[in-house]
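Observations on the three-dimensional arrangement
These are the residues of each chain, in order.
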Amino acid sequence: MKLVVNTLLGIGMQAIAEAVALGEKAGLDRNRLLDVLSQTAVTLRMGRRLQRTMKGDYSPQFPFA
């Protein structure tokens, strides 16, 4: 069960990272982009992780095992 949940969390964070990269490539301001993303239903449960992303902290946030 833990592996299943961690897989889901990892994929969710990857999707957010891809969305941020797309927004930046489109010329959107990174801080504004992350602020707007933090208000969406998709990221509401990822509050602390998204805050770390805003600070450029990409350290692992959950163990694999």
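Not measured: the values here are computed from a predicted model.

This brings us to the overall build of the protein chain. Per the secondary structure count, the protein chain includes three helices and zero strands. Per-residue burial for the protein chain yields a buried fraction of 22% across its 65 residues. Of all intrachain contacts in the protein chain linking residues separated by at least 6 positions in sequence, the fraction that spans at least 24 positions is 45%. For the protein chain, the exposed surface amounts to about 5,100 Å²; the carbon and sulfur share of it is 63%.

With that out of the way, let us pick up a nonpolar patch on the surface. Among the surface-exposed residues, Met1, Val4 and Val5 lie close enough to one another that they form a single nonpolar patch of about 350 Å² accessible area. Residue position: valine 4 is located in helix H1 (residues 2-25).

Turning next to the packing of H1 against helix H2 (residues 30-37). In contact at an axis separation of 10 Å, H1 and H2 are set at 140° when each is read in the N-to-C sense. Here H1 lies oblique to H2, going by the angle between them. Between H1 and H2 lies a crossing whose hand is right-handed. Mapping the contact onto sequence places Ala19, Val20, Gly23 and Glu24 in H1 and Arg30, Leu33, Leu34 and Leu37 in H2.

Buried residues of H2: Leu33, Leu34 and Leu37, and no others. Relative to the axis of H2, the buried residues are bounded by an arc of 95° and lie together on one face. With respect to the buried face of H2, the exposed residues turned more than 90 degrees away are Asn31 and Arg32. A side-chain oxygen of the first residue of H2 lies 3.3 Å from the backbone nitrogen of asparagine 31; this N-cap is aspartate 29.

Residue pairs spaced three or four apart in an α-helix point in one direction, given the helix's 3.6 residues per turn. An ideal rise of 1.5 Å per residue puts 34 Å on 24 residues; H1 measures up with 34 Å between its terminal C-alpha atoms. Asn6, Gly12, Met13, Ile16, Val20 and Gly23 are the residues of H1 that are buried. Positioned one or two residues after H1, glycine 27 has a phi angle of 95°, which is positive.

Averaged over every residue, the pLDDT of the protein chain is 80; residues scoring 70 or more account for 85%. Ranking the helices and strands of the protein chain by mean pLDDT puts H2 first, with 88, and helix H3 (residues 47-54) last, with 71.

Rules used in this analysis
- Residues numbered from 1 in each chain as written.
- Predicted model: local features only at pLDDT ≥ 70, side-chain atom pairs only at ≥ 80, totals over all residues.
- Heavy atoms only, no water.
- Helix = DSSP H or I, 4+ residues; strand = E, 2+ residues; numbered from the N terminus.
- Buried < 20%, exposed > 50% of the residue type's maximum accessible area, 1.4 Å probe, protein only.
- Contact = heavy atoms within 4.5 Å.
- Areas by Shrake-Rupley, 256 points an atom, 1.4 Å probe, with all protein chains shown as cover.
- Patch = residues over 30% accessible without salt bridge, like charges linked within 9 Å, V, L, I, M, F, W, Y side chains within 5 Å.
- Salt bridge = Lys/Arg side-chain N within 4 Å of Asp/Glu carboxyl O.
- Axes fitted to C-alpha atoms, helices over the stretch in contact; angles between N-to-C directions.
- Parallel < 35°, antiparallel > 145°, perpendicular 65-115°, else oblique.
- Left-handed = near helix turned anticlockwise from the far one by under 90°.
- Arc of directions from axis to C-beta.
- Polar contact = N/O pair within 3.5 Å; in protein donor to acceptor, adjacent residues only side chain to side chain.
- Expected span 1.5 Å × (residues − 1).
- pLDDT = per-residue confidence, 0-100.

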